Amino acid sequence: MIQWDAATIKQFQDTLLGWYDAHGRALPWRRDHAPYHVWLSEVMLQQTGVQTVIPYYERWLAHWPTLTDLAAADEAAVLKEWAGLGYYSRARNLLKTAQIITQERGGQWPTTAAGLKQLPGIGDYVAGAVASIAFGEPVPAIDGNAYRVFARLLLIDTDIRSGAAQRVFRAAITPLIPQDRPGDFNQAVMDLGSSYMTAKHPDSAHSPVAAFDAAYQQGVTDQYPVKSAKKKPVAKTYTALVLTTPDGQAVWQQRPSRGLLASLWTWPLLTGDQRAATVPELLTQLAAAHAITMASAAVLRDQSVGAGSVTHVFTHQHWTVYLRHLTLAAPTALPANARWLPLAQQTLAEPTLQRKMAAYYNKNKTD
DNA sequence: CAAGCGTGGGA
DNA sequence: TTCCCAAGCTT
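What you see is a predicted model, and the numbers here were worked out from it, not measured in a lab. (Residues numbered from 1 in each chain as written. Chains lettered and ligands numbered in written order. Predicted model: local features only at pLDDT ≥ 70, side-chain atom pairs only at ≥ 80, totals over all residues. Heavy atoms only, no water.)

Re the pattern of salt bridges
So the rule is basically this: Note on definitions: salt bridges are taken to be side-chain nitrogens of Lys or Arg within 4 Å of carboxyl oxygens of Asp or Glu. Helix and strand definitions here come from DSSP, where helices need a minimum of 4 consecutive H or I residues and strands a minimum of 2 consecutive E residues; each element is numbered from the N-terminal end. Burial classification: accessible surface area is computed with a 1.4 Å probe over protein chains only, and a residue below 20% of its type maximum counts as buried, one above 50% as exposed, and the rest as partly exposed.
Scanning all chains against the criterion turns up nine salt bridges. Note that R181 is salt-bridged to D21, the shortest N-O span being 2.6 Å. You can see R181 sitting in the loop between α10 (165-173) and α11 (182-193) and its partner D21 sitting in helix α1 (residues 6-23), a full 160 residues away along the chain. Assessed through its relative accessible area of 51%, D21 is described here as exposed. Each of D21, R181 and D184 takes part in a single network of salt bridges with overlapping partners.

Side note on the environment of L300
Operational definition: Only heavy atoms matter for contacts: two residues are in contact if any of them lie within 4.5 Å across the pair.
Here L300 is to be found in strand β5 (residues 299-304). Distance in space between the C-alpha atoms of L300 and Y322 is 20 Å, their sequence separation being 22 residues. Contacts of L300, omitting those with residues within four sequence positions, involve P246, T327, L328 and A329.

Details of the packing of aromatic side chains
The condition that has to hold: The pairing test for Phe, Tyr and Trp rings, Trp by its six-membered ring, is centres within 6.5 Å, and the orientation test on the planes gives stacked under 30 degrees, edge-to-face over 60, and tilted for anything in between. The criterion is that NZ of a Lys, or CZ of an Arg, lies within 6 Å of the ring centre and within 35 degrees of the ring normal, and then a charge sits over that ring.
Enumeration according to the criterion identifies 17 aromatic pairs in this entry. Both rings, one in F12 and one in F150, keep their centres 6.3 Å apart while their planes meet at 65°; by these two values the pair is edge-to-face. You can see F12 sitting in helix α1 and its partner F150 sitting in helix α9 (residues 144-154), a full 138 residues away along the chain. Judged by relative accessible area, which is 1%, F150 ranks as buried. On the numbers, 4.2 Å between centres and 35° between planes, the contact of Y238 with W319 is tilted. Here the residue Y238 occupies a position in strand β1 (residues 234-244), and W319 occupies one in strand β7 (residues 317-328), the gap between them amounting to 81 residues. Ring pairing ties together the aromatic residues W4, F12, F150, F185 and F212, which thus form one cluster. Its end group placed over the ring of Y56, R59 keeps NZ or CZ at 4.7 Å from the ring centre.

Considering the domain arrangement of chain A
Worth spelling out the cut-off: What counts as a domain boundary in this text is fixed by an automatic or database domain assignment. Buried area is a sum: the accessible area each of two parts loses on coming together, probed at 1.4 Å, counted once for each and added. Here a polar contact means two N or O atoms within 3.5 Å. Within protein one must be a hydrogen donor candidate and the other an acceptor candidate, and residues neighboring in sequence count only if both atoms are side-chain atoms.
Segmenting chain A into domains produces domain 1 (6-223) and domain 2 (234-364). Summarising the inter-unit geometry, the C-alpha centres of domain 1 and domain 2 are found 39 Å apart. Across the contact, eight residues belong to domain 1 and 12 residues belong to domain 2. Here domain 1 packs against domain 2, burying approximately 720 Å² in sum over the two surfaces, 56% of which is carbon and sulfur. Broken down residue by residue, the surface that domain 1 buries against domain 2 is led by K80, Y88 and R92, which jointly contribute 57%. At the junction of domain 1 and domain 2, the tally comes to zero salt bridges. Connecting domain 1 to domain 2 are three residue pairs in polar contact (both at pLDDT 80 or more). For the side of domain 1 that touches domain 2, the element with the most residues is helix α5 (residues 75-82), which contributes three residues.

Focus on helix α14 (residues 352-364)
Heads up, the rule is: An expected span of 1.5 Å times one less than the residue number is assigned to each helix. By arc we mean the arc of the directions from the helix axis to the C-beta atoms, nothing more.
Taking 1.5 Å per residue, 13 residues should reach 18 Å; α14 reaches 18 Å between its end C-alpha atoms and fits that length. Within α14, burial applies to L353, Q354, M357, A358, Y360 and Y361. Down the axis of α14, the buried side of the element spans an arc of 165°, and every buried residue falls inside it. Those residues of α14 that are buried are in contact with β1, β2 (249-254), β3 (265-266), β4 (269-271), β6 (310-313) and β7.

Concerning the pairing of β7
The two faces of the sheet receive side chains in turn, since in a regular strand these alternate between them. Where we set the bar: Strand pairing is defined by DSSP finding a minimum of two bridges between the two strands.
For β7, a buried count of 11 out of 12 residues is recorded, marking the element as mostly surrounded by other parts of the structure. As paired strands, β5 and β7 are joined by five bridges and run antiparallel to one another. Counterpart to R301 in the pairing with β7 is T327. The sheet contact formed by β6 and β7 spans four bridges and is antiparallel. Following the sheet pairing, H312 is matched in β7 by W319.

A look at the protein's contact with DNA strand B
Our working definition: Here, proximity means that at least one heavy atom of the residue falls within 4 Å of the molecule or strand. Side-chain classes are defined by residue name, with Ala, Val, Leu, Ile, Met, Phe, Trp, Tyr, Cys and Pro counting as nonpolar, Asp, Glu, Lys and Arg as charged, and the others, Gly among them, as polar.
By nearness alone, 20 residues border DNA strand B, and Y88, K231, L261, H312 and T315 come closest of all. Within 4 Å of the protein, atoms of DNA strand B come from sugar and phosphate in 59% of cases. In the model, a sugar or linking oxygen of DNA strand B is placed 2.9 Å from a nitrogen or oxygen of the Y87 main chain. A distance of 2.5 Å separates a base nitrogen of DNA strand B from a polar side-chain atom of T315. Taken together, the residues of the surface near DNA strand B sort by class into eight nonpolar, 10 polar and two charged.

Printed below as a string of structure tokens:
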């Protein structure tokens, strides 16, 4: 690892900030430094691309313009607004933190990274980003960009997926932060990491900090950062039941409040490939899995949906979902975590998996 | 501290 | 198809 002297650090700061002043991106969350705006954007941007986030960010602020507005929201409304962005605990933690600040802290944000980190959903990165950008604290905000940029500049070969990475990079980056512009410094590093110093196809030669880029100078850019491989997703198979009445009402099932797609709504899912199962078998499994009981005599029609399946990839799971469509004569009683709603309901939070299933159903339905 | 937790895009 | 990547946090 390379250590810069004080003069080099000053030159680096001036070069980076000069470039940022001239070429920094004009993003919606950079219109001001309000902690609510900085925090919301940083949470949305976790593992999520800028282009994906922009429309969600704008819709969210139209819905809840202030932290106080958000604190008064229902969790169901928050999840509905978040639906499609993924990592849904982020949305639940946004609401929790809004409530803590509004109700327990009199609307006052902690103004240091250490204080911010006590709040739900705020870890090292978001704490550093909000503290530096909104409150001017000279602390690093170490995200994937910062890991990549400084691994190359300083030839840091610590695996950025290892437990030691946060400590090693924090020690390396902290001395480089300008006391007067920590927020701009951190944002400049992010812009550098998403332009010249990208993961794939970087343009190190034209980077404003090429002269400080040891990996580029030594021709070893492709060896930094060191990052161990992820595991392959595990394959899982399910069968979704489209349970409708003749007038187009369908059974919607809320997932458990913890775990994958927590609290979101889908059509009932049975484990395994149930394309060959009999109707009584399906209803038995439905009762066992979801406590939804229906007399088999009430089933008017039993149809398969399409010849194929819906596939959806999560971080650690690869799902294949088959669809069966059962038409019932009339609605039956449902447990508390299930509802009869129109097949194309618009009121509950649906994960992308459900939107894919609905699209597949609409394309392949038979009547 | 390894594993769980979403999604969309690009090569 | 498969893999990797994108402004991580929690348990």
